[in-house]
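Residues per chain, in single letters:
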Amino acid sequence: MTGTHLTFFNSLTRSLEPFTPGDGQTARIYSCGPTVYNFAHLGNLRAYIFTDTLRRTLMLKGYAVNHVINITDVGHLTSDADAGEDKMELAAAGLGKDIWEVAAFYTAAFKQNLADLNILDPSRWSVATDHIADMIAFAERIAPSHCYEIESGLYFDVKTVPDYGRLARAVSDEGESRLDPVSGKRNPQDFAIWRKSPAGEQRQMEWDSPWGRGAPGWHLECSVMSLKYLGPEPFDIHTGGIDHREIHHPNEIAQNQAYCGCTTDQPGFTGARFWMHNNFLVDRSGKMSKSGGGFTTLQSLIDAGVHPLAYRLLCLTAHYRSELEFSADAVTAALTRLKRLVMAVEKIGADEGSADARYLARLDAALSDDLNTPIALVALEELLADRAIAPADRRATLLLFDQALGLDLASLSRAALRVRPADAALTVDEIEQQLDARKAARAAKDFARSDLIRDTLVAQGVDVMDGDALRWDWRVALAAS
Ligand code: AMP
Ligand code: ZN
């Protein structure tokens, strides 16, 4: 599909810019991956739904995609500003487990989340601890002109590159580091390239280096792995959540500038041509936090009876650069919208004709406009309801929408949407039996009995939905709504 020209918002320039891959054919994308010290929370997963939409849009436009996601299994500290303890070491100590086991467990859980959300696997998963030698080699090259050694390790001097923090736009002189200062740093924003293991303390993960035994700083891995797999010339798009625009990505850019030596002749070099950031999923009510007893992980949503693709749809209803508010009501509404879509798709049947050019042009225009998924969804709903288009042609068109939006509408069934909650008191059959008994009681005008059956179902976490427009008899009541 080539109609509308692609335009993406580039955080570097804070403006919409036309996009074509550097080589005209293959878009090279690097996405900052998870730190595998815990389950990904729903907010983290919004970041990968965003990159998946980006990727599917590029594919729709006929480009090949080379996509790398890293797995951070070392070096990410409890503060992004490079202070505090290593998140991985802390988690392993807390669980009393081997750190490698912890990393493997949460990596597998993360990959399962992506599969549940119908997110395409990247071309390459790149694991930080597989690249320690590469990181040391990178650091050795930049150290003489850009780094200095202090007791706690090797630090990057941000004053040695031009324009430090241009991506963030508002780097304060103090930075977050004032919260937990590392003594001996030249500038508050200077960050660790290599952290020496403190004397007398043994880390579970540590390696020898020219700067002593220790572990790499967190920012180093992304510069090293993106350069290795997508460089050496600037690759196309670097993605991450908007929090990364403030510290992690400015630090990556500083490292990249130091490495390519383009401090004078190529001051614009940042490693990637486009830097794109998704906004946050927020929980204003506070109900969804772990302490509020709500849903923080995708599995907790599934356990409550919500199909994971309802969460994907919820994310698509907002533009990726807008904040998205999470609530049980919002996810329930998304589930209902998904059900409507699935019912509409079931209605048009399995015959496949030819795609409708006007609707495809609308899809193209929406996604080409900086991934405007809310507009694409409206076009999809109008397509499904458009009787002027033969059902078989609607189906052919829908399949292309489906490839771009990843909602799996072509194979999702109404039955599959009915996820059984993990702690459900009743099986689906039992619920159906109770509803049949209730119908019989109502037919016999035994309203006391019919009310009793309904109240008993509600007490068991099942909402009875009389007269539901979608003809759903019942739904699972979400605890936090
Ligand atoms: P982390 O595992 O903390 O490195 O985060 C993985 C990804 O999730 C990063 O791209 C973060 O910027 C992103 N992220 C973190 N919190 C949120 C949130 N609440 N909403 C959207 N993205 C987030
Ligand atoms: Zn990164």
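Residues numbered from 1 in each chain as written. Chains lettered and ligands numbered in written order. Predicted model: local features only at pLDDT ≥ 70, side-chain atom pairs only at ≥ 80, totals over all residues. Heavy atoms only, no water.

For the structure on display, the rule yields 24 salt bridges. Between Glu 346 and Arg 414 there is a salt bridge, with the nearest N and O atoms lying 3.4 Å from each other. Note that Glu 346 is positioned in helix H9 (residues 328-348) and Arg 414 in helix H13 (residues 414-417), a separation of 68 residues in sequence. A residue is classified by how much of its surface remains accessible, and Glu 346, at 38% relative accessible area, is partly exposed. Across the pair Arg 454 and Asp 455 runs a salt bridge whose closest N-O atoms are separated by 3.4 Å. Overall, Arg 454 belongs to the partly exposed group, its relative accessible area being 29%. Through salt bridges with shared partners, a single ionic network connects Arg 28, Glu 233, Asp 236 and Arg 273. (Salt bridge = Lys/Arg side-chain N within 4 Å of Asp/Glu carboxyl O. Helix = DSSP H or I, 4+ residues; strand = E, 2+ residues; numbered from the N terminus. Buried < 20%, exposed > 50% of the residue type's maximum accessible area, 1.4 Å probe, protein only.)

By way of backbone hydrogen bonds, the strands of a sheet pair with one another, either parallel or antiparallel. One open sheet accounts for four strands, arranged E8-E9-E10-E11; its pairing is antiparallel. Each having just a single partner strand, strand E8 (147-150) and strand E11 (214-216) make up the two edges of the open sheet. Going across the sheet, the axis of each strand differs from the next one's by a mean of 20°, ignoring polarity. Relative to strand E10 (residues 191-196), strand E9 (residues 153-156) runs antiparallel, the two being bridged by four bridges. Note that in E10 the partner of Phe 156 across the bridge is Phe 191. (Pairing = 2+ DSSP bridges. Axes fitted to C-alpha atoms, helices over the stretch in contact; angles between N-to-C directions.)

Bringing the site of ligand 1 into the picture now. Inspection of the region around ligand 1 gives 17 residues, with Thr 35, Gly 43, Gly 241, Asp 243 and Leu 281 positioned closest. Contact between ligand 1 and Asn 44: an oxygen atom at 3.1 Å from a side-chain N or O atom of the residue. Between ligand 1 and Leu 281 there is a distance of 2.9 Å, counted from a nitrogen atom to a backbone nitrogen or oxygen. At the level of elements, helix H1 (42-60) and strand E12 (235-241) are the ones that each hand at least two residues to the shell around ligand 1. Per-element tally for the shell around ligand 1: the top contributor is H1, with four residues. Tallied by class, the residues present in the shell around ligand 1 amount to five nonpolar, 11 polar and one charged. (Near = heavy atom within 4 Å. Polar contact = N/O pair within 3.5 Å; in protein donor to acceptor, adjacent residues only side chain to side chain. Nonpolar A, V, L, I, M, F, W, Y, C, P; charged D, E, K, R; others polar.)

Next up on the list: helix H3 (residues 99-116). Under the 1.5 Å per step criterion, the end-to-end length of H3 is 26 Å for 18 residues, consistent within 8% with the ideal 26 Å. Looking at the buried positions of H3, the neighbouring elements they touch are H1, strand E4 (64-71), helix H2 (87-95), strand E7 (124-127) and helix H7 (298-303). The N-cap residue of H3 is Asp 98: its side-chain oxygen and the backbone nitrogen of Trp 100 are 3.0 Å apart. Within two residues after H3, Asn 118 carries a phi angle of roughly 60°, on the positive side. (Expected span 1.5 Å × (residues − 1). Contact = heavy atoms within 4.5 Å.)

What follows deals with the nonpolar core. Membership of the largest hydrophobic core comes to 60 residues, with the highest contact counts inside it found for Tyr 311, Leu 380, Phe 401 and Leu 409. Counting residues per element, the ones that place at least two in this core are H1, H3, H7, helix H8 (308-316), H9, helix H10 (357-368), helix H11 (373-385) and helix H12 (391-405). No other element matches the 10 residues that H9 contributes to this core. The residues that make up this core include at least three from each of domain 1 (7-278) and domain 2 (284-405). When residues no more than four places from it in sequence are discounted, the contact partners of Tyr 311 are Leu 42, Gly 43, Leu 45, Arg 46, Ile 49, Leu 117, Leu 281, Leu 298, Leu 301 and Phe 326. Of all hydrophobic cores here, the second largest spans 34 residues; its members include Ala 103, Tyr 106, Ile 136 and Tyr 164. (Core = buried A, V, L, I, M, F, W, Y, C linked by side-chain atoms within 4.5 Å. Domains from an automatic or database assignment.)

At 2.0 to 2.2 Å from the zinc ion (ligand 2) lie its protein donor atoms, namely Cys 32 (SG), Cys 222 (SG) and His 248 (NE2). When the donors of the zinc ion (ligand 2) are listed by position in the chain, the intervening gaps give C-x189-C-x25-H. Taken together, the residues span a long stretch of sequence, with Cys 222 in helix H5 (residues 218-230) and His 248 in helix H6 (residues 248-260) at a distance of 26 residues. Judged by its relative accessible area of 0%, Cys 222 is buried. (Donors = N, O, S within 2.8 Å, 3.2 Å for Na, K, Ca; no water.)

Attention now moves to the packing of helix H4 (residues 132-146) against H6. One way to put it is that H4 packs onto H6 with a least axis distance of 9 Å and a crossing angle of 85°. The orientation of H4 with respect to H6, classified from their angle, is roughly perpendicular. Here H4 contributes Phe 138, Arg 141, Ile 142 and His 146 to the contact with H6, which in turn contributes Gln 255, Asn 256, Ala 258, Tyr 259 and Cys 260. (Parallel < 35°, antiparallel > 145°, perpendicular 65-115°, else oblique.)

A negative phi angle characterises most non-glycine residues, just as the trans form characterises most peptide bonds. Cis peptide bonds are those with omega within 30 degrees of zero, and the linkage from Gly 231 to Pro 232 qualifies with 5°. Topologically, Pro 232 is positioned in the loop between H5 and E12. In this model, Asp 370 sits at a positive phi of 50°, which is unusual for a non-glycine residue. Mapped onto the elements, Asp 370 comes out in the loop between H10 and H11. Phi at Leu 371 is positive, roughly 60°, even though this residue is not glycine. Inspection of the secondary structure assignment puts Leu 371 in the loop between H10 and H11. Residue classification places Leu 371 among the buried residues on the basis of a relative accessible area of 2%.

What follows concerns helix H15 (residues 447-459). End to end, H15 covers 18 Å across 13 residues, agreeing with the expected 18 Å (1.5 Å per residue, within 8%). Within the span of H15, buried status applies to Ser 450, Ile 453 and Leu 457. Considered in projection along H15, the buried side chains sweep an arc of 60° and stay on one side of the axis. Of the exposed residues in H15, those oriented more than 90 degrees away from the buried face are Ala 448, Leu 452 and Ala 459. Positive phi shows up at Gly 461, right after H15, with a value of about 85°. (Arc of directions from axis to C-beta.)

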